[in-house]
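# Results of the structural survey
Below, each chain spelled out in residue letters.
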Amino acid sequence: MKTFKKVLALALATVMSAAVLTGCGSSADNRMIIRIGHNQSTNHPTHIALVAFEEFIESKLGDKYNVEVFPSELLGSQNEMVQLTQTGAINFCVASNSLLETFSTNYTLFNLPYLFASAEAYHASMDDESITGPIFESTKDAGFEAVTWLDAGTRNFYTVNTPIETPADLKGLKIRVQQSPTNVQMMNLLGGSATPMGFGDVYTALQSKIIDGAENNELALTDNGHGDVCKYYSYDMHQMIPDILIGNIAFLDGLSEEERAIFEEGFDLVNEVQREEWTDAVAEAKDRAANEQGVQFLYPDTKPFQEACAPMHEDMLAQYPDLQPIYDAIQAYNEQYPSTES
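Presented here is a report on the structure given in the accompanying data block. (Residues numbered from 1 in each chain as written. Predicted model: local features only at pLDDT ≥ 70, side-chain atom pairs only at ≥ 80, totals over all residues. Heavy atoms only, no water.)

Once that is clear, we can look at the nonpolar core. By size, the foremost hydrophobic cluster in this structure holds 51 residues, and its most contacted members are L109, F110 and F136. If near-sequence neighbours (up to four positions away) are discounted, F110 is found in contact with N97, L115, F116, M126, I131, T132, I135, F136, M240, I241, P242 and I330. The next biggest cluster of nonpolar side chains, apart from the first, holds 25 residues, and it includes V69, V94, L252 and F267. (Core = buried A, V, L, I, M, F, W, Y, C linked by side-chain atoms within 4.5 Å. Buried < 20%, exposed > 50% of the residue type's maximum accessible area, 1.4 Å probe, protein only. Contact = heavy atoms within 4.5 Å.)

Written as structure tokens, this is what we have:
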């Protein structure tokens, strides 16, 4: 299956690249095809939101645009889809914040562990354009920019055999992390052995015991089957990191003023639908993981984890002082919406 997906992705990339070079990115009825790729299943909140976007754009501009949404890495891995978006071979894709950190150091801020005190502070910060704007626009020179953010909940550790109650429990464990320097540093501070790898490789690595665990939100247990192998899910809540919908700059800049306004409405709709669907999806995933997969949910004291990661905040601000105003604005939301932990 994996080999088939790679062959399909290569074939699609070749066809789409040719279309870009020849100006033939059109369907049989001469409408321009807008391709959107992501790595989630068709029942995931992200896919549901993008289908809503497809329906909205075609209801407003269906005489000109034919929107096609490709789930489950059909257009390649996240890294490959970002590259295709850069070149304009596809128009949009969903990328992890950690991947975008490799294109712009501004995204490093959102990868900081324990940046947000609560989900309310996280949402308020991400809805504040004075916070997100400088970060979302920082990849324009790379050929793309963020058009909206998607809720990916809280990231927590889950393991095959070892319940994680304190950072000491991570010692000696190989934990898959996203491919970013920030996540590797986080794992080192927490005492685990960071093992960066693509998300599509995690299930096999867990099953074959190449790694001892991973870190992600609850949907990874059910949608991606990780709960079939990992039986402990620990709410250390080390990160609240958005996924990002990015768009090709040339395509966005080529829209008329009226079309761009409609697309902006569509981006807002993606955000709204995805966040609504996310709440229900997490509740369903927890129920399925506990009752069908036998996953045990743990609720450790997060303070030792926070203390272990605290040096990363000072280090990041020393390295990227231009991010200090944005960091301070987030701290203001943290004071307004503090953690409810006792």
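After presenting the structure, the write-up continues.
To continue, consider the side chain of N334. Mapped onto the elements of the fold, N334 is located in helix α15 (residues 324-336). Within the structure, the side chain of N334 is placed 2.8 Å from the backbone nitrogen of A117, a separation counted as a polar contact. In this structure, N334 is in contact with L115, F116, A117 and A121, ignoring residues within four places of it in sequence. (Helix = DSSP H or I, 4+ residues; strand = E, 2+ residues; numbered from the N terminus. Polar contact = N/O pair within 3.5 Å; in protein donor to acceptor, adjacent residues only side chain to side chain.)

This part takes up the packing of helix α6 (residues 119-126) against α15. Direction vectors running N to C along α6 and α15 enclose 140°, while the axes themselves pass 8 Å from each other. Put simply, α6 runs oblique to α15. Judged by the twist between their axes, the crossing of α6 over α15 is right-handed. From α6, A121, A124 and S125 reach across to α15, where they touch I330, Y333 and N334. Of the residues assigned to the contact of α6 with α15, the class counts are four nonpolar, two polar and no charged. (Axes fitted to C-alpha atoms, helices over the stretch in contact; angles between N-to-C directions. Parallel < 35°, antiparallel > 145°, perpendicular 65-115°, else oblique. Left-handed = near helix turned anticlockwise from the far one by under 90°. Nonpolar A, V, L, I, M, F, W, Y, C, P; charged D, E, K, R; others polar.)

The tally for this structure, following the rule as stated, stands at seven salt bridges. Close ionic contact of E215 with R155 constitutes a salt bridge, the shortest N to O distance being 2.8 Å. Here the residue E215 occupies a position in strand β8 (residues 213-216), and R155 occupies one in strand β5 (residues 155-159), the gap between them amounting to 60 residues. Considered together, E215 and R155 belong to a single accessibility category, that of buried residues. (Salt bridge = Lys/Arg side-chain N within 4 Å of Asp/Glu carboxyl O.)

By themselves these figures say nothing about function.
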